[in-house]
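Take a look at the letters that make up each chain.
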Amino acid sequence: MCGRFALTATPDQTAAFLGLAELEDFPARYNIAPTQPVLMAIAGLPQAPGSNLPDRQPMLVRWGLIPTWVKDTREFPLLFNARSEGATEKASFRTAMRHRRALVPASGFYEWRQTNRKEPGGKRGQPYWVRPKHGGLVAFAGLIETYAEPGGSEMDTGAILTVNANAGIAHIHDRMPVVINPQDFARWLDCRTLEPRDVADLLRPAQLDFFEAIPVSDLVNTVANTGPEIQERGIVGPAPEKARRQKPGADDSQMTLF
């Protein structure tokens, strides 16, 4: 899955990477979590002949897709990820796959090592900061759905597509976000002439050596921690005996979001 990620590049760097005309100023974000606003890019209207302006536009989207047919959002699960293998057929994502494919810029993402035993205090285990090995930005495959609330207002919502992890990530988790390479941006975003089957080949794991995974402390587990220190190398050790006895199962770790 992809339940946390970061975008620490400048607006100018991000706009150049995505092929956008410009972006409003925004701060570096080190711990982006579901339900928070995230930047996505979609295909815009075609430009007039001879224009050198980009035909992509940015959108600020709530991370957690809500299909148009949902009646009560309080009873609907938080769809921050979409399994790419079934997105074309699944009712929650089918329309967005056909009409609203997007790019999600990121500096990397966080993943928690899977474990067969419950960690002390209910913690998730060792977190990793997973970033492009050669630095820079990466674009995840995203989907957007505009949800009309009962009061009449509209809210743009979105999800990140995932795929089976490659061998470099699988020892941490069996899923990873789908990475769209820059040469494929136009294909992925072209919902006017390309159907989901025409871009299905893009829904694959990243190259084996594309990412590097760095163990970090459990500061990232808490949404309130938003500084660069959460990306510093660190190892999560066992919880102190006293901590294990306090409020079993109650912590503000990664899993409380879901």
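Rules behind the numbers
Residues numbered from 1 in each chain as written. Predicted model: local features only at pLDDT ≥ 70, side-chain atom pairs only at ≥ 80, totals over all residues. Heavy atoms only, no water. Helix = DSSP H or I, 4+ residues; strand = E, 2+ residues; numbered from the N terminus. Buried < 20%, exposed > 50% of the residue type's maximum accessible area, 1.4 Å probe, protein only. Areas by Shrake-Rupley, 256 points an atom, 1.4 Å probe, with all protein chains shown as cover. Patch = residues over 30% accessible without salt bridge, like charges linked within 9 Å, V, L, I, M, F, W, Y side chains within 5 Å. Salt bridge = Lys/Arg side-chain N within 4 Å of Asp/Glu carboxyl O. Lys, Arg positive; Asp, Glu negative; His and termini not counted. Charge placed at Lys NZ, Arg CZ, Asp CG, Glu CD. Pairing = 2+ DSSP bridges. Phe/Tyr/Trp six-rings, centres within 6.5 Å; stacked < 30°, edge-to-face > 60°. Polar contact = N/O pair within 3.5 Å; in protein donor to acceptor, adjacent residues only side chain to side chain. Contact = heavy atoms within 4.5 Å.

Participant: What should I look at first to understand the overall build of the protein in this one?
Facilitator: Within the protein, the secondary structure is distributed over four helices and twelve strands. Across the 258 residues in the protein, those meeting the buried criterion constitute 45%. Surface summary for the protein: the accessible area is close to 13100 Å², and the carbon and sulfur share equals 51%.

Participant: Explain a negative patch on the surface to me, please; I cannot follow it from the model alone.
Facilitator: On the surface, D12, E22, E24 and D25 cluster together into a patch of negative charge. Mapped onto the elements of the fold, D12 is located in helix α1 (residues 11-18).

Participant: Explain the pairing of strand β8 (residues 127-132) here, please?
Facilitator: Successive side chains on a regular strand alternate, one facing one side of the sheet and the next facing the other. Counting buried residues along β8, five of its six residues qualify, which places the element largely inside the surrounding structure. Sheet analysis places strand β7 (residues 108-112) next to β8, joined by four bridges and oriented antiparallel. Within β8, the residue paired with W112 across the bridge is P127. Sheet topology note: the β8/strand β12 (residues 211-215) ladder contains five bridges and is antiparallel. For P132, the partnering residue across the bridge sits in β12 and is F211.

Participant: In this structure, what is going on with the packing of aromatic side chains? I would like to understand it.
Facilitator: The geometry of an aromatic ring pair is captured by the separation of the ring centres together with the interplanar angle, meaning the angle of the planes. Going through the model one piece at a time under the given rule, you end up with nine aromatic pairs. Where F5 meets W63, the ring centres are 5.1 Å apart and the plane angle is 70 degrees; that geometry is what we call edge-to-face. Separated by 58 residues along the polypeptide, F5 in strand β1 (residues 4-7) and W63 in strand β4 (residues 56-63) bring together distant segments of the chain. What makes W63 buried here is its relative accessible area of 0%. Between F17 and F185, the ring centres sit 5.5 Å apart and the planes meet at 85 degrees, which makes this aromatic pair edge-to-face. You can see F17 sitting in helix α1 and its partner F185 sitting in helix α3 (residues 185-189), a full 168 residues away along the chain. Exposure remark for F17: the relative accessible area of 21% places this residue in the partly exposed category.

Participant: What should I look at first to understand the pattern of salt bridges in this one?
Facilitator: Two side chains with opposite charge may pair up if their charged atoms get near one another. Throughout the structure, instances matching the rule amount to six salt bridges. The salt bridge involving D72 is made with R74; its shortest N-O contact spans 3.1 Å. Under the relative-accessibility criterion, D72 is labelled partly exposed at 24%.

Participant: Would you mind showing me how to read the side chain of N221 here?
Facilitator: If you trace the backbone, N221 turns up in the loop between β12 and α4 (241-244). Only 2.8 Å separates the side chain of N221 from the side chain of W112, close enough to count as a polar contact.

Participant: How should I be thinking about the environment of G108 in this particular structure?
Facilitator: Here G108 shows up in strand β7. Separated by 30 residues in sequence, G108 and V138 place their C-alpha atoms 7.1 Å apart. With residues up to four places along the chain from it excluded, the contact list for G108 reads F5, A6, W129, V130 and R131.

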